[in-house]
Amino acid sequence: MLEQFVVQGGQPLKGSIAISGAKNAALKMACAALLTDDWLILDNTPVLSDMVIICQILEELGAEINWKDNQLSIRVKNLKTHRARYDLVRKMRASFVLLGPMLARFGRAEISLPGGCSLGVRPVDIHLNGLRAMGANIELEDGYVIATGQLHGAEIMLHCPSVTGTENLVMAATLAKGRTILHNVAKEPEIIDLCNCLIKMGAKISGHGTDTIIIDGVDNLQGTTHRIIPDRLETITYAIANILTHGHIYLTNTEAWCFDALTSCFPEVKIHHTDFGFLAEGPVMNTVNLTTAPYPGLATDLQAQMMVLATQIPGTSYITEAVFENRMMHVPELCRMGADITVEDIQGTNRATIHGGVPLSGAPVMATDLRASVSLVLAGLCAKGQTTISRIYHLDRGYHALDEKLNACGANIDRVKQEAA
Ligand code: UD1
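Undergrad: Give a detailed account of the packing of aromatic side chains, specifying residues and quantitative values.
TA: Applying the stated criterion to the full structure yields two aromatic pairs. Each ring, one from Tyr-250 and one from Phe-276, has its centre 5.4 Å from the other, and the planes form 50 degrees; the classification is tilted. With Tyr-250 in strand β15 (residues 248–252) and Phe-276 in the loop between β16 (270–274) and β17 (277–281), the pair connects residues that are 26 residues apart, well separated along the chain. You can call Tyr-250 buried: its relative accessible area is 16%. For Phe-276, a relative accessible area of 57% puts it in the exposed group. Ring geometry for Phe-259 and Phe-278: centres 5.2 Å apart, planes at 45 degrees, overall tilted. Of this pair, Phe-259 sits in the loop between β15 and α9 (260–265) while Phe-278 sits in strand β17, and the two are 19 residues apart along the sequence. The pair Phe-259 / Phe-278 is uniform in exposure class, with both members buried.

Undergrad: Please set out the domain arrangement of the protein chain residue by residue, giving values where relevant.
TA: For the protein chain, the domain assignment lists domain 1 (3–20 + 230–417) and domain 2 (23–227). Measuring from the centre of the C-alpha atoms in domain 1 to the corresponding centre in domain 2 gives 30 Å. Facing the 25 residues of domain 1 at the interface are 19 residues of domain 2. Note on domain 1 versus domain 2: buried area summed over both sides is about 1800 Å², and carbon and sulfur give 51% of it. Inspection of the domain 1/domain 2 interface yields two salt bridges. Residues Glu-190 and Arg-232 are paired through a salt bridge, measuring 2.8 Å at the closest nitrogen-oxygen approach. The tally of links from domain 1 across to domain 2 stands at nine residue pairs in polar contact (both at pLDDT 80 or more).

Undergrad: Hey, could you go over the sheet that holds strand β8 (residues 137–141) for me, with residue numbers and the actual values?
TA: On the basis of which strands lie adjacent, the open sheet formed by four strands has the order β6-β7-β9-β8 and mixed pairing. Both edges of this open sheet fall to β6 (83–84) and β8, since each of them pairs with a single strand only. Bridge count between strand β7 (residues 108–112) and strand β9 (residues 144–148): five bridges; the pairing is antiparallel. Bridge pairing links Ala-109 to Ala-147 in β9. Running at roughly 160 degrees to β7, helix α4 (residues 99–106) makes contact with β7 and β9 of the sheet.

Undergrad: Hey, could you go over the site of the ligand for me, with residue numbers and the actual values?
TA: With respect to spatial proximity, 19 residues lie near the ligand, and among them Lys-28, Asp-125, Ser-162, Thr-164 and Asp-301 are the closest. A distance of 3.3 Å is found between an oxygen atom of the ligand and a backbone nitrogen or oxygen belonging to Pro-123. Between the ligand and Ser-162, the relevant distance is 2.6 Å, taken from an oxygen atom to a side-chain nitrogen or oxygen of the residue. For the ligand, whose free accessible area comes to 740 Å², the fraction covered by protein is 84%.

Undergrad: Before we move on, can you summarise the nonpolar core with the specific residues and values?
TA: Counting 78 residues, the largest nonpolar core has Ile-54, Leu-58, Leu-98, Met-134 and Leu-198 as the members making the most contacts within it. Excluding residues that lie within four positions of it along the chain, Leu-198 makes contacts with Ala-32, Leu-35, Val-170, Met-171, Thr-174, Ala-203 and Ile-205. Ranked by size, the runner-up nonpolar core spans 64 residues in total, among them Ala-280, Leu-309, Ile-313 and Ala-352.

Cut-offs applied
- Residues numbered from 1 in each chain as written.
- Predicted model: local features only at pLDDT ≥ 70, side-chain atom pairs only at ≥ 80, totals over all residues.
- Heavy atoms only, no water.
- Phe/Tyr/Trp six-rings, centres within 6.5 Å; stacked < 30°, edge-to-face > 60°.
- Helix = DSSP H or I, 4+ residues; strand = E, 2+ residues; numbered from the N terminus.
- Buried < 20%, exposed > 50% of the residue type's maximum accessible area, 1.4 Å probe, protein only.
- Domains from an automatic or database assignment.
- Contact = heavy atoms within 4.5 Å.
- Buried area = accessible area lost by both parts, 1.4 Å probe.
- Salt bridge = Lys/Arg side-chain N within 4 Å of Asp/Glu carboxyl O.
- Polar contact = N/O pair within 3.5 Å; in protein donor to acceptor, adjacent residues only side chain to side chain.
- Pairing = 2+ DSSP bridges.
- Axes fitted to C-alpha atoms, helices over the stretch in contact; angles between N-to-C directions.
- Near = heavy atom within 4 Å.
- Areas by Shrake-Rupley, 256 points an atom, 1.4 Å probe, with all protein chains shown as cover.
- Core = buried A, V, L, I, M, F, W, Y, C linked by side-chain atoms within 4.5 Å.

See the structure below:
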């Protein structure tokens with residue numbers, strides 16, 4: 001049954017929150033387990049519904065999975081099937097990253113096309129064209145990508161720095177014959193972490209974190225143990241919660257660099273590194289003009305949370321979403337809570353104009369995607385009165401026990417069955 005959050009706003013927040021491992025690194029490392037017949041052991045794995053789905057898909061493919069607290073162990077000795085089913089893949093687009101490693105090790109992969117999602121069309125041409133350049137034969141049959149062949153190295157220019165596109169091609173190249181050079185790749189910290197994990201498995205990779213990654217294929221990879229980096233998106237989400245509520249929440253199990261996007265967009269924010277953890281403090285008084293972009297630009301995954309912060313800054317701020325075409329669905333919901341935001345389409349990108357400094361008030365709102373959902377929780381925490389957020393299953397995809405973590409700091413968030421509410 002669907003669940004919803006009932007948030008009583010205005011509670012003073014105080015305490016500490018342990019940040020989980022990065023979802024966008026953990027998901028891809030789980031896919032990397034396909035590259036070896038040995039155990040891959042991932043420490044600091046976030047316990048999220050997206051991780052449960054990727055493990056379910058891997059199990060169907062033939063993987064052995066042991067999950068104990070935050071340690072996830074995966075071993076893929078052999079495949080039972082080469083097919084990752086539509087019903088599972090459609091639940092989580094990141095599972096398309098199984099394609100590269102499965103094809104590279106087993107010479108065949110059948111993965112359902114993920115299809116569009118609420119953020120827009122989201123093509124996978126970079127993944128498919130890259131694998132074709134590496135010698136894969138790719139056919140589309142009944143909504144499935146059927147990829148076959150032995151891969152060889154290639155020099156490939158990505159037409160835009162796709163995160164999962166980069167990851168799929170890097171993993172495929174680790175077992176391809178010869179050298180692969182990928183230009184215009186994505187540079188996210190999670191990709192660097194994935195490459196570091198692959199290197200521990202025996203892959204020969206250099207240049208990760210720059211525009212060009214070079215991979216020299218090897219015959220096989222072995223198992224390893226790897227600790228996943230902290231989730232910078234979760235870190236900044238809670239830091240914004242603290243600033244919005246004038247709270248005193250220490251963030252632990254995270255690192256100073258995880259705050260970089262916050263301090264570069266809002267230079268007034270102070271990050272105190274104390275014995276109890278990191279404390280992010282405002283006030284933020286200066287308006288902002290932000291545009292999302294591939295890393296090291298502002299992450300589109302932080303746009304919604306930063307918009308809530310902008311609603312509380314007196315004056316006019318602007319936020320432009322330049323990565324995905326349809327990622328401002330939180331705006332009408334925030335407006336229902338009293339925010340003064342208008343969105344205009346400027347040559348295919350959405351620009352929000354935020355007249356800030358307006359107090360928010362509780363309202364029933366609906367979550368539409370992962371980051372939009374969490375922005376509504378942030379708004380609910382600093383709003384006057386009660387906010388009811390429906391469809392919170394989006395939130396559980398990317399935030400482990402968000403209600404429990406915040407309630408332990410004095411928030412008042414009830415998770416209730418949607419019907420009973
Ligand atoms: C990843 C992240 C997601 C984040 C996004 C952008 C994971 C699981 N998800 O998604 O949280 O919001 O990066 O930082 O890591 N594109 C193409 N052709 C392709 C692939 C992408 O044109 O083959 C375009 C997309 O339409 C989009 C842009 O590239 O405009 C960026 O998308 P991409 O980096 O691929 O996003 P994901 O990897 O799906």
